[in-house]
Amino acid sequence: MKNNATRRGRAPKSPRPPKWATKFLQFYCRPSLLEDLEGDLLEFFDSNLKTRGAFLARLIYIIDVLKFVRPYTLRKPSFANNSTARPMLANYFKTSTRSITRNKLFSGINIIGMAFSLSVGLLVIAFVSDIFHYDSTLKNPDRIYRVYSSFQPSGQPTMKLATTSWKAGALVRQQAPGVASVAILRNRFSGDADINSIDNKVPVTGLYADENFFDVFSFPLLKGVASSALKQPHSLVLTQTTANKLFGQGDPVGRYIKFDTVNYTVTGVLQDIPKLSHIQFEMLVSLSSIDLKDTSTASSDGTYMDWNNFFSNYTYVLLKPGADPAAFNAALDRIARAENASRPTDRHVALHTQPLKNIHIGGQMGNEIGFVANPVEVYMQCGLALIIILSACFNYTNLSIARSLKRSREVGIRKVIGARRMQVIGQFISESVLIALLSLGFAFLIFLFIREQFLSLNPRLDSAFSLALSPRLVLAFLAFTVLVGVVAGLLPALFYSKINAVSVLKDASSLKVFRHLSLRKTLVVVQYTFSLIFITATIIGYNQYKGFLKFDLGFKTENILNIKMQGHDDAVFAKQLSALPAVTGVSRSLLVTCLGSLTGSSMKYNDPQDSARVDINYVDENYLPLHQYTFLAGRNFLPKPKDAPETETIVNEETLRRFKIGHNDPSKAIGETVLIGRKHLTIVGVLKDFHYGTLESRIEPTALEYVANPGRYLNVKVSSTNLPATMTSIESLWKELDKVHPLDADFYDAEIEHAYSYFTVMLKTMGFFSALAICISSLGLFGMVIYTMEKRLKEISIRKVLGAGNGLLVYLLSKSFLFLLLISALIALPLTWLFFDRVILARFAYHQPIRPGELLIGPAFVAAIAFLMIGAQTLKAVRSNPARILKNE
Amino acid sequence: MKGTHLGEFEEIVLLTIASLVNNAYSVAICDELSTHADRTVKLGVVHAVLNRLEEKGLVKSELGEATSTRGGKRKRYYSVTGAGKASLLRAKEIRDQLWQKIPQLTLNRI
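Computed from a predicted structure; not experimentally measured.

A. Main features of the overall build of chain B. Scanning chain B from terminus to terminus reveals five helices and two strands. Taken from the N to the C terminus, the helices and strands of chain B come in the order α-α-α-β-β-α-α. Sorting the 110 residues of chain B into buried and exposed places 25% on the buried side. Considering only contacts within chain B whose residues lie at least 6 apart along the sequence, 48% involve residues at least 24 apart.

B. Highlighting the overall build of chain A. Check the secondary structure of chain A and you find 29 helices and 22 strands. Per-residue burial for chain A yields a buried fraction of 36% across its 889 residues. Within chain A, contacts between residues at least 6 apart in sequence are counted, and of these 81% link residues at least 24 apart.

C. Unusual backbone geometry, seen in detail. Not every positive phi belongs to a glycine, and Lys660(A) is a case in point at roughly 50 degrees. The residue Lys660(A) is located in the loop between helix H22 (653-659) and helix H23 (666-669) in this model.

D. Here's a closer look at the nonpolar core. Residues and elements named next belong to chain A. Leu 122, Ile 388, Cys 393, Phe 534, Ala 773, Leu 781 and Val 785 are the most contacted members of the largest nonpolar core, which totals 84 residues. If you list the elements that add at least two residues to this core, you get helix H7 (104-132), helix H13 (375-402), helix H15 (421-456), helix H17 (471-497), helix H19 (517-550), helix H26 (757-801), helix H27 (806-840) and helix H28 (852-879). Setting aside anything within four residues of it in sequence, one finds Leu 781 in contact with Val 524, Phe 817, Ala 866 and Met 869. Within the second largest apolar cluster, 58 residues are counted, among which are Val 253, Val 266, Phe 281 and Tyr 314.

E. Region of the structure containing the interface of chain A and chain B. Of the residues lining the interface, 13 residues belong to chain A; the matching set on chain B comes to 13 residues. Where the side of chain A that touches chain B is concerned, the elements lending two or more residues are helix H3 (31-52) and helix H4 (54-67) of chain A. Looking at the side of chain A that touches chain B, the element that brings in the most residues is H3(A), giving eight residues. Taken together, the residues of the side of chain A that touches chain B break down into four nonpolar, one polar and eight charged.

F. Quick peek at H28(A). Look at H28(A): 39 Å from first C-alpha to last across 28 residues, which is about the 40 Å you get at 1.5 Å a residue. The complete set of buried residues in H28(A) reads Glu854(A), Leu855(A), Gly858(A), Pro859(A), Val862(A), Ala866(A), Met869(A), Ile870(A), Gln873(A), Thr874(A), Ala877(A) and Val878(A).

G. Main features of the confidence of the model for chain B. Residues and elements named next belong to chain B. Scored by pLDDT, chain B has a mean of 84; 96% of the residues are at 70 or more. Model confidence for chain B, summarised as mean pLDDT per element, is weakest for helix H5 (residues 104-109) at 75 and strongest for strand S2 (residues 76-80) at 90. Here the prediction assigns the complex a pTM of 0.69, and the interface score ipTM is 0.85.

H. Layout of the environment of Arg409(A). Residue and element names in this part refer to chain A. Of note, Arg 409 is situated in helix H14 (residues 404-417). What makes Arg 409 partly exposed here is the crowd of 16 C-beta atoms within 10 Å. With 97 residues separating them in the primary sequence, Arg 409 and Lys 506 have C-alpha atoms 9.5 Å apart.

I. A look at the environment of Tyr692(A). All names here are of chain A. Its location among the elements puts Tyr 692 in the loop between strand S19 (679-687) and strand S20 (702-706). Once the C-alpha coordinates of Tyr 692 and Leu 595 are considered, the two residues, 97 residues apart in sequence, prove to be 8.1 Å apart. If near-sequence neighbours (up to four positions away) are discounted, Tyr 692 is found in contact with Thr 593, Cys 594, Leu 598, Asp 615, Ile 699, Glu 700 and Thr 702.

J. Broad picture of the pairing of S19(A). Residue and element names in this part refer to chain A. Here strand S16 (residues 631-634) runs beside S19; their pairing, made up of three bridges, is antiparallel. Paired with Phe 631 across the two strands is Leu 687, which belongs to S19. Bridge count for strand S17 (residues 648-652) against S19 is five bridges, and the pairing is parallel. By the bridge assignment for S19, Glu 648 is matched with Thr 682. When strand S18 (residues 673-676) meets S19, the two strands line up antiparallel, connected through four bridges. Its bridge partner being in S19, Ile 676 is matched across the sheet by Lys 679.

K. Representation of helix H8 (residues 166-175) of chain A within the structure. For H8(A), every residue scored as buried is listed here: Trp166(A), Lys167(A), Ala168(A), Gly169(A), Leu171(A) and Val172(A). Where the residues of H8(A) are buried, they touch strand S1 (144-151), strand S3 (179-193), strand S10 (313-319), helix H11 (325-341) and strand S11 (350-355) of chain A.

L. Representation of the packing of H7(A) against H26(A). Residue and element names in this part refer to chain A. Taken N-terminus to C-terminus, the directions of H7 and H26 make an angle of 165 degrees; their axes are 10 Å apart at the nearest point. The angle between the axes of H7 and H26 places the two elements in the roughly antiparallel class. H7 and H26 meet at a crossing whose hand is left-handed. Residue-level inspection shows Leu 105, Phe 106, Ile 109, Ile 112, Gly 113, Phe 116, Ser 117 and Val 120 of H7 in contact with H26, the latter providing Leu 772, Cys 775, Ile 776, Leu 779, Gly 780, Phe 782, Gly 783 and Ile 786. Of the residues belonging to the contact of H7 with H26, the class tally is twelve nonpolar, four polar and no charged.

M. Region of interest: the packing of H13(A) against H17(A). Residue and element names in this part refer to chain A. In the contact formed by H13 and H17, the axes pass within 9 Å of each other and the chain directions differ by 25 degrees. Classed by the angle they form, the pair H13 and H17 counts as roughly parallel. Crossing hand, H13 versus H17: right-handed. Judged by residue contacts, Ile 389, Cys 393, Tyr 396, Thr 397, Ser 400 and Ile 401 of H13 engage Val 484, Val 487, Ala 488, Gly 489, Leu 491, Pro 492 and Phe 495 from H17. The residue inventory of the contact of H13 with H17, partitioned by class, reads ten nonpolar, three polar and no charged.

About the criteria used
- Going along each chain's sequence as written, the residues are numbered from 1 onward.
- As they are written, the chains are lettered A onward and the ligands numbered 1 onward, keeping that order.
- Totals for whole chains, interfaces and linings use every residue, but because this is a predicted model, local features are given only for residues with pLDDT of at least 70 and side-chain atom pairs only at 80 or more, for both listing and counting.
- Helix numbering and strand numbering both begin at the N terminus, where a helix is a DSSP run of H or I of at least 4 residues and a strand a DSSP run of E of at least 2.
- Whether a residue is buried, exposed or partly exposed is read from the other C-beta atoms within 10 Å of its own C-beta, which are placed from the backbone; 20 or more gives buried, 12 or fewer gives exposed, and intermediate counts give partly exposed.
- Each residue gets a C-beta atom placed from its backbone, and two residues are in contact if those atoms lie within 7 Å.
- Each nonpolar core consists of buried Ala, Val, Leu, Ile, Met, Phe, Trp, Tyr and Cys residues. Their C-beta atoms, within 7 Å, join them into a set.
- Residues were grouped as follows: Ala, Val, Leu, Ile, Met, Phe, Trp, Tyr, Cys and Pro as nonpolar; Asp, Glu, Lys and Arg as charged; and all remaining residues, including Gly, as polar.
- A helix is expected to reach a length of 1.5 Å times the quantity of its residues less one.
- By definition, pLDDT measures how confident the predictor is in each residue, and it falls between 0 and 100.
- At least two bridges found by DSSP between two strands is the condition for calling them paired.
- Interaxial angle, 0 to 180 degrees, is taken between N-to-C directions of lines fitted to C-alpha atoms, where a helix line uses only the stretch in contact.
- Orientation labels follow simple angle bins: below 35 degrees gives roughly parallel, above 145 gives roughly antiparallel, 65 to 115 gives roughly perpendicular, and whatever is left gives oblique.
- Each crossing is labelled by how the near helix is turned from the far one, with a counterclockwise turn of less than a right angle marking it left-handed and a clockwise turn marking it right-handed.

Below, the structure is given as structure tokens:
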């Protein structure tokens, strides 16, 4: 207090320069220059004070301090000019190893905890490194841009498509400035490669690419000439793997491959495309193979060269060195404006650019050419890993400070012998870094294991990430580990370095360990809060996921096998299937609903101005009974010959509500006529509302139309007995139909499960993280309890001697820890609940409510573990013989 | 010869140190330059130049006595060394020679 008073007394006499600036000067400035500099600045400050006032004087002082940071004023780092630095490092190492081996419990807890958390950190580093190395093998990656389109369908948000029209690509080539080369790609060439023999057909997929492809993408060609390989119509460039698959070890260049009736010539072989490339293909087909005059394949989007046909082509641009991307973008705007103006449609297509290195992390667009990472997912992964790692660091901090009673004498002696503050800090930091490095060994093994697990979570991950080790990655691991060690050791190091040697050596208990109690408690609470959030999120997520699978969709999906017809006529196959004894029904549909894929059209009722989008499925007469849809009124479709015109439709309740057909009365709606697309159809039946999309989307107006042969899928209802036998007989039937392609069939329930598979990936990740978080925080708590017991052993003994019962003592000792848990639960549960209710489940139009029980399972589980640990330790302490402990004094 | 070459500002600072005789420390040099050379001089720049001159061996410095001003910090006084004097003289000599080479007539016409 006295000190304070005198300082305050002096303050009003004259304003002083800001203390922190002086401190900073003292920090960076060479000792030999410091005194003079400080004096000069002060003198300047004083003279400024008179002429310009306190504020300006202070400001100038700060600026001057900053301006004095020059090479010649900088202090050399202490280890560089200190001749004792190297022996000290050796000494740090030696004392650290001793301390680590002496405190086996402390080291064990920290090494295990850190190993697990580091392994996750390594995984995330490998993951992020993969993302940053995407497309890095290409030359000139910073000059390659992709042109993409966006347009706004009426009444819907803007859609971004990775594709452009062919025409846009051609116009960019002609008109845009600064362009070195433009490559136009076209998606989905697929066919069955036929080499000489009929039996040996191999399905292959690829991309169309024009002759500029290799100008932009420097994928190395093993055989063939890059400049001409894709010039001629019907040229093929195979990847090494595809070439081996088709031709074995022979030289494929110049050989013919027949797709359907057309012969293609192999003109080159590419080295296999690296895994970390956003473009993946088995082969390239020359774009000139497409006959532009051929209008037979023209879809509703127009012919190949139509401006509005922007769903299939990709435009990649290599800019000239030094070209201005802004000028290029402006040219794109110009092109799009001119084209949009020249045709009176409501579709206004805009063109944009995206640098190559942003493609794989730029967020999902429609018609994406290959894998694109979701930035949110990536950030989430990083965040979760960071939390786990911090949790392990907290353990280290907590336990280090908790055992300070023992260590502080050592520090006292060091200080008496002459250790400076920085040296004590160095000692403790090097100890934590050593522990972190030890953990790295284990962490690396765990990393190798969870890498496989992680990649097998989802086939998409496996195809998009290699997580392969490289020298750079290993260096990053090491650097990261050292960083973690420093972070973990920082607080303990600061704590110990502040110790007053005299008072510690006189009486160790004078050390104010408990002053840091609130810090430690806070750290424990933070750890447990995150653990609880993780586990509760996992449990809620799991229950919701189960709920999605069991959700009443409005129809039955049990034992229905959906077979993709892959372009074959299903008449004979369907008949053969129905003949199987296990098959109880066969129906046909265009789509399998509730999996996320949809088709739709516009619908009008009496008012010609009022149109709305309806979801559509084409089905045959067996579809509705097979899936047990519920009719509210009307009847099912009647079987009709194949070419009979469509006249009937069956709609859901929502359609009636939307158009107010028959005043929402299903029976009155029967017989009404609606216009769907261009067809006038009579409503013959009304179905109770059922789900068409995933549970994320609301039930929209839905119409079913009758087509005798919608062709895409067969829905086969089978009896559940002896499924394997049924599957084999279905498969053998399929073999007769198609020798090349395997049967593509899945049970409806499994397909629904698959549609929510991203949920399982998330759940598994979350589950893993919560298990880790709980383990690590439990380890930390365990250590804390042990040290507390050690410290309070005498207190316990005295209480016992005075007559305290065991139960009372256990309660007394464990209550503070359980109280911490309670606080964590009070923070974690509302947060988790809010997060799910407002963020995750808000995305789903239909979901179960979150039950309070789900919220409480996690805390109960964590509390049980904690209580077991605390209970066991306190009981051990309580059972000890008080006489023996008290005797020792 | 680059090492001993005197820059323009270095020369002025060196001259100022010589002219201030026993009171040549950074702030005084700075003030002197501001008033007499009529240019705004930043303390940081003067410091950097003093440091460089000392490295070149053209000036030497020593710490003075602590006083009650400047927060009790000692001043660092600079004085010109023999080498400093030599390079000053040489610079002056070069200039004089050049001046003499210019015919009066040419100078008047400019």
